[in-house]
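The chain contents come next:
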Amino acid sequence: MGIFKSNKSNLSSFQNAVENRRTIYNLEQEISISDKQLEEIIEHTIKHVPSSFNSQSTRIVLLLNDNNDKFWEIAKETIKNKMGPDRDFQPTADKIDNFKHSYGTILFYEDEEVIEGLQNQMPNYAENFSIWSTQTNAMHQFAVWTALSTEGIGASLQHYNPLVDTAVADAFDIPKNWNLMAQMPFGNIRQEAGEKSFNDVDARFLVRK
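Parameters at a glance
Every chain is numbered independently, its residues counted from 1 as its sequence is written. The predicted origin of the model limits local features to residues at a pLDDT of at least 70 and limits the giving and counting of side-chain atom pairs to 80 or more, whereas totals for whole chains, interfaces and linings rest on all residues. Heavy atoms from the whole structure form the basis of all side-chain values; hydrogens and water molecules are not counted. When DSSP locates at least two bridges between a pair of strands, those strands are taken to pair. The helix and strand labels rest on DSSP assignments: H or I over at least four residues marks a helix, E over at least two residues marks a strand, and numbering proceeds from the N terminus. Here an axis means a line fitted to C-alpha atoms, over the contact stretch when the element is a helix, while the angle between two N-to-C directions is reported on a 0 to 180 degree scale. Any pair of residues with heavy atoms lying within 4.5 Å of one another is described as a contacting pair. UniProt positions are given in the numbering used here, feature names are shortened, and annotations may be inferred rather than shown by experiment. Here, nonpolar core refers to any group of buried Ala, Val, Leu, Ile, Met, Phe, Trp, Tyr and Cys residues whose side-chain atoms link them within 4.5 Å. The classification of residues rests on relative accessible area computed with a 1.4 Å probe and restricted to protein chains. Under 20% of the type maximum is buried, over 50% is exposed, and intermediate values are partly exposed. What counts as a salt bridge is simple: a side-chain nitrogen of Lys or Arg found within 4 Å of a carboxyl oxygen of Asp or Glu.

### Remarks on the sheet that holds strand β4 (residues 178–188)
By definition, the strands of a sheet pair up through backbone hydrogen bonds, in either a parallel or an antiparallel sense.
For step 1, the next point in the chain: Taking strand neighbours across the sheet as the criterion, the four strands line up as β1-β2-β4-β3 in an open arrangement whose pairing is antiparallel. Both outer strands of the open sheet, β1 (58–64) and β3 (153–155), are each paired with one neighbouring strand and no more. With direction set aside, neighbouring strand axes in the sheet form an average angle of 30°.
For step 2, the next point in the chain: Where strand β2 (residues 104–111) meets β4, eight bridges bridge the pair, whose relative direction is antiparallel. Bridged to T105 within β4 is P185.
For step 3, the next point in the chain: Across the sheet, helix α5 (residues 112–121) is in contact with β1, β2 and β4; its angle to β2 comes to roughly 25°.

### Quick word on the UniProt feature "domain: Nitroreductase" (unreviewed entry) in the chain
For step 1, the next point in the chain: Mapped onto the present numbering, the UniProt feature "domain: Nitroreductase" (unreviewed entry) falls at residues 19–187.
For step 2, the next point in the chain: The distance separating the terminal C-alpha atoms of residues 19–187 is 19 Å; by composition the span is 52% helix and 17% strand.

### Side note on the environment of A169
For step 1, the next point in the chain: Position of A169 relative to the elements: it lies in helix α7 (residues 165–172).
For step 2, the next point in the chain: With 11 residues separating them along the chain, A169 and L180 place their C-alpha atoms 9.1 Å apart.

### Concerning the nonpolar core
For step 1, the next point in the chain: Ranked by size, the top nonpolar core spans 21 residues in total, and within it F71, L107 and V168 carry the most contacts.
For step 2, the next point in the chain: Secondary structure elements with two or more residues in this core: β1, α3 (66–83), α4 (90–100), β2 and α7.
For step 3, the next point in the chain: Of all the elements, α3 adds the most residues to this core, at six residues.
For step 4, the next point in the chain: Ignoring anything within four residues of it in the chain, the contact list for V168 reads F71, I74, L107, Y109 and I174.
For step 5, the next point in the chain: Formed by 16 residues, the second largest nonpolar core is a distinct cluster that contains I42, W145, I153 and A155.

### What to know about the side chain of S102
For step 1, the next point in the chain: Looking at the element boundaries, S102 is found in the loop between α4 and β2.
For step 2, the next point in the chain: Assessed through its relative accessible area of 4%, S102 is described here as buried.
For step 3, the next point in the chain: Excluding anything up to four places from it in sequence, S102 contacts L27, E28, Q29, N68, P185 and F186.

### Examining the pattern of salt bridges
For step 1, the next point in the chain: One pass over the structure, following the stated rule, counts six salt bridges.
For step 2, the next point in the chain: Its salt-bridge partner being E73, residue K76 comes within 3.6 Å of it at the nearest N-O pair. Of this pair, K76 and E73 both sit in helix α3, three residues apart, which is roughly one turn of the helix.
For step 3, the next point in the chain: Accessibility expressed as a relative area gives 16% for K76, which makes it buried.
For step 4, the next point in the chain: Of the charged contacts in the structure, one is a salt bridge between K176 and D170, with a shortest N-O distance of 3.0 Å.
For step 5, the next point in the chain: Overall, K176 belongs to the exposed group, its relative accessible area being 66%.
For step 6, the next point in the chain: Via salt bridges that share partners, E73, K76, D97 and K100 belong to a single interconnected network.

### Some remarks on unusual backbone geometry
For step 1, the next point in the chain: Residue P162 follows N161 across a cis peptide bond; omega there is 5°.
For step 2, the next point in the chain: Its place among the elements puts P162 in the loop between β3 and α7.
For step 3, the next point in the chain: Phi is positive for Q56, close to 50°, though the residue is something other than glycine.
For step 4, the next point in the chain: Within the fold, Q56 resides in the loop between α2 (35–48) and β1.
For step 5, the next point in the chain: For D173, which is not glycine, the phi dihedral falls at a positive 55°.

Next up, the structure:
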């Protein structure tokens, strides 16, 4: 594995990528790269993002074309049934339809079989493996999100789990031991994100020398 020396240009490029990644809700039903390039971004993330004890527990499902539409229809129907007839479902339907208006959706999972195996191997750490698994999944989410952003592709992170888990697993033949963590609709940016406010960094960052 090669090692490169850090320099100001590399750091600046990385920081710009982190800064430019934003939550984009209004997306186009197209992207600026090929499906092959999209798959390569996800494959690179799966291969290189770290995990506790090198567990490699994160699983990712890429939904495109009719499968993207199918996922959001499942979400809409599931939430509608959950809310019941006495509540106004239209605002929620409009929100879900907006996510459906995207090029695709990335589903982020954790393999519970891997986590349970580590818990059995190292019982002293058992209660921590679920926490570390969530952290691992979050790193995958951020890496994919930021990589898409560098290509001018917008995305947002949604959480219709666990309500949709069973129906989605059945619809897309997802292994039962995969636990859905988040959904990321993505596409070229139809409407840019607004201004972002920041809390005082000094209140969130301590230095002890």
